[in-house]
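# Geometric and topological summary
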Amino acid sequence: ARCGLRAVSAVGHSLGEVAADYACGGLTLRQAVRVAAARARVQQHKLAGRGGMVAVAAPAATVKRICRARGLDREWIGASNAPNQCAASGDAAQCRELRGLCKRVYGLRSALLRTCGAWHSPLVQDAERDFREAFGAALHGPGDDASFCDLTSNGRAVQTGGGIAPDVAAAGKPVGALERSLS
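Since the model is a prediction, treat every value here as computed from it, not as a measurement. (Residues numbered from 1 in each chain as written. Predicted model: local features only at pLDDT ≥ 70, side-chain atom pairs only at ≥ 80, totals over all residues. Heavy atoms only, no water.)

### Thoughts on the pattern of salt bridges
Evaluated as defined, the whole model comprises three salt bridges. Between Asp130 and Lys46 there is a salt bridge, with the nearest N and O atoms lying 3.6 Å from each other. Taken together, the residues Asp130 in helix H5 (residues 128–138) and Lys46 in helix H2 (residues 29–47) connect sequence positions 84 residues apart. For Asp130, a relative accessible area of 28% puts it in the partly exposed group. When the shortest N-O distance is used, the salt bridge between Arg50 and Asp126 registers 2.5 Å. Separated by 76 residues along the polypeptide, Arg50 in the loop between H2 and strand S2 (52–56) and Asp126 in the loop between strand S5 (110–112) and H5 bring together distant segments of the chain. (Salt bridge = Lys/Arg side-chain N within 4 Å of Asp/Glu carboxyl O. Helix = DSSP H or I, 4+ residues; strand = E, 2+ residues; numbered from the N terminus. Buried < 20%, exposed > 50% of the residue type's maximum accessible area, 1.4 Å probe, protein only.)

### Some remarks on the nonpolar core
In terms of nonpolar packing, the biggest core is built from 18 residues, with Val35, Leu47 and Phe131 touching the most fellow members. Counting only elements with at least two residues in this core, the list comes to H2 and H5. Tallying contributions element by element places H2 first for this core, with five residues. In this view, Leu47 contacts Val42, Cys116, Gly117, Trp119, Val124, Asp126, Ala127 and Phe131; residues no more than four positions away in its chain are not counted. (Core = buried A, V, L, I, M, F, W, Y, C linked by side-chain atoms within 4.5 Å. Contact = heavy atoms within 4.5 Å.)

### A short note on the packing of aromatic side chains
Enumeration over the complete set of coordinates arrives at one aromatic pair. Look at Phe131 and Phe135: their rings are 6.0 Å apart centre to centre, the planes differ by 35°, and that puts the pair in the tilted class. On the criterion of helical spacing, the pair formed by Phe131 and Phe135 is a turn pair, its members being four residues apart in helix H5. Taken individually, Phe131 and Phe135 each receive the classification buried, so the pair is uniform in this respect. (Phe/Tyr/Trp six-rings, centres within 6.5 Å; stacked < 30°, edge-to-face > 60°.)

### Brief notes about the side chain of Gln94
Locating Gln94 in the fold gives a position in helix H4 (residues 92–104). With relative accessibility at 13%, the residue Gln94 sits in the buried group. At a separation of 3.3 Å, a polar atom in the side chain of Gln94 contacts the side chain of Asp73. Those residues in contact with Gln94, other than ones at most four positions away along the chain, are Gly71, Leu72, Asp73, Arg74 and Glu75. (Polar contact = N/O pair within 3.5 Å; in protein donor to acceptor, adjacent residues only side chain to side chain.)

### Regarding the sheet that holds S5
Across the sheet, four strands lie side by side as S3-S4-S2-S5; this open sheet has antiparallel pairing. On the outer flanks of this sheet lie strand S3 (75–82) and S5, each paired with one strand and no other. Put simply, the sheet's adjacent strands are angled 20° from each other on average, direction ignored. Note that S2 and S5 share three bridges and pair antiparallel. (Pairing = 2+ DSSP bridges. Axes fitted to C-alpha atoms, helices over the stretch in contact; angles between N-to-C directions.)

### Here we look at the pairing of S3
Sheet topology places S3 next to strand S4 (residues 85–90); six bridges connect them, and they run antiparallel. Pairing of Ala82 across the sheet is with Gln85, part of S4.

### Topic: helix H3 (residues 60–69)
Looking at H3, one finds that the buried residues are Ala60, Val63, Ile66 and Cys67. Around the axis of H3, the buried residues are gathered within 120° of arc, so they sit on the same side. Relative to its buried face, H3 has exposed residues pointing more than 90 degrees away, namely Arg68 and Ala69. Buried residues in H3 make contact with S2, S3, S4 and H4. Positive phi shows up at Gly71, right after H3, with a value of about 70°. (Arc of directions from axis to C-beta.)

Spelled out as structure tokens, the structure:
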């Protein structure tokens, strides 16, 4: 609005969902900072050390086939970032194994991500209540009634209603993007 422009929609993934909502006016700066801080506290205190993530330069379907073929049953697609780039999330040992397979067997570029958890996977699902409580405490005032539509990595839309979408917290289901539109 400072330059005469007003965002009517924005897209973000994970913490970027908070930035997108702030950019559209759904959260005040204070709320966005409080939500980001609350998210970090839950991640550090409740989820640190639970698994890992590996980025792979391949479509999600390819990475899923590799995991199935190699018995990596504690790996999930945590993010599908582009047609030929995704991130697998899950058991730390299986992340390392997947990274090695991608490089040595399949000739795919991959990298272990510097993260302290298996974000956007079932390994963090039991923290959903903690995230919801933390976000509820962080959200007071304008913006509480924001309406979100999450898009999961399989393209399925899930309307979450008011407040911060639970996937901002990486609370157990894979996320491709979040879109927030203002009328």
